[in-house]
Amino acid sequence: MAYRIIPETKSRFLKIKCPGCGNDQIVFSKASSGIKCLVCSKELASSTGGKLIVKAKEFKELSS
Ligand SMILES: [Zn+2]
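Residues numbered from 1 in each chain as written. Predicted model: local features only at pLDDT ≥ 70, side-chain atom pairs only at ≥ 80, totals over all residues.

Re the overall build of the chain
Formally: In DSSP terms, a helix is any run of H or I states spanning at least four residues, a strand is any run of E spanning at least two, and both are numbered starting from the N terminus. Put simply, a residue is buried when 20 or more other C-beta atoms lie within 10 Å of its own C-beta and exposed when 12 or fewer do; between those, it is partly exposed, and each C-beta is set from the backbone. Here, residues touch in the contact sense if the C-beta positions derived from the backbone fall within 7 Å of one another.
Scanning the chain from terminus to terminus reveals 0 helices and 7 strands. The burial tally for the chain puts 17% of its 64 residues in the buried class. For the chain, long-range pairs separated by at least 24 residues make up 43% of all intrachain contacts whose partners lie at least 6 apart in sequence.

The structure is reproduced here in structure tokens:
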């Protein structure tokens, strides 16, 4: 699975599809800690050194 790394400078909302249960979840790219699926608690992304590492294959950037 290819991870996607979101640079800290680009703060925006991401819509991540949980690879475990298919739930769509909207997260903020500047999350200070890991993000877990609200439905099945699978880890969707982790935060390392100010970067968000998305562990889901499908995600969409939401332009605001
Ligand atoms: Zn899930």
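Section: the sheet that holds strand β3 (residues 24-28)
Condition: Strand pairing is assigned whenever DSSP detects at least two bridges linking the two strands. Inter-axis angles, ranging from 0 to 180 degrees, are taken between N-to-C directions of lines fitted to C-alpha atoms, where helices are fitted over the stretch in contact.
Judged by pairing direction, the sheet is antiparallel, and its 3 strands sit side by side in the order β3-β2-β7 without closing on themselves. The open sheet has two edge strands with one neighbour each: β3 and β7 (59-62). When strand polarity is set aside, the average angle formed by the axes of neighbouring strands in this sheet is 25 degrees. Sheet topology places strand β2 (residues 13-17) next to β3; 5 bridges connect them, and they run antiparallel.

Quick notes on the nonpolar core
This is how it is decided: Nonpolar cores are identified as sets of buried Ala, Val, Leu, Ile, Met, Phe, Trp, Tyr and Cys residues joined via C-beta atoms within 7 Å.
Listed in full, the 9 residues of the largest apolar core are L14, I16, C18, I35, L44, A45, L52, V54 and A56. Of all the secondary-structure elements, those providing two or more residues to this core are β2, β5 (43-48) and β6 (51-54). If near-sequence neighbours (up to four positions away) are discounted, I16 is found in contact with Q25, V27, L44, A45, V54, A56 and F59.

Concerning the UniProt feature "binding site: Zn(2+)" (unreviewed entry) in the chain
Operational definition: UniProt positions are given in the numbering used here, feature names are shortened, and annotations may be inferred rather than shown by experiment.
Annotation from UniProt places "binding site: Zn(2+)" (unreviewed entry) at C18, C21, C37 and C40. Considering the C-alpha atoms alone, the annotated residues occupy 23 residues of sequence yet fold into one spot, their largest mutual distance being 8.7 Å. Residue classification places C21 among the exposed positions, given that 12 C-beta atoms sit within 10 Å. Those residues in contact with C21 that lie beyond four places of it in its chain are C37, V39 and C40. Relative to the helices and strands, C37 is located in the loop between β4 (35-36) and β5. Residues contacting C37, with those up to four places away along its chain left out, are C18, G20, C21, N23, Q25, K42 and L44.

Side note on the pairing of β3
Along any regular strand, the residues point their side chains to alternate faces of the sheet. The buried fraction of β3 is low, at 0 of 5 residues. The turn joining β2 and β3, which pair antiparallel and follow one another in sequence, is formed by 6 residues; a positive phi near 85 degrees is taken by G22.

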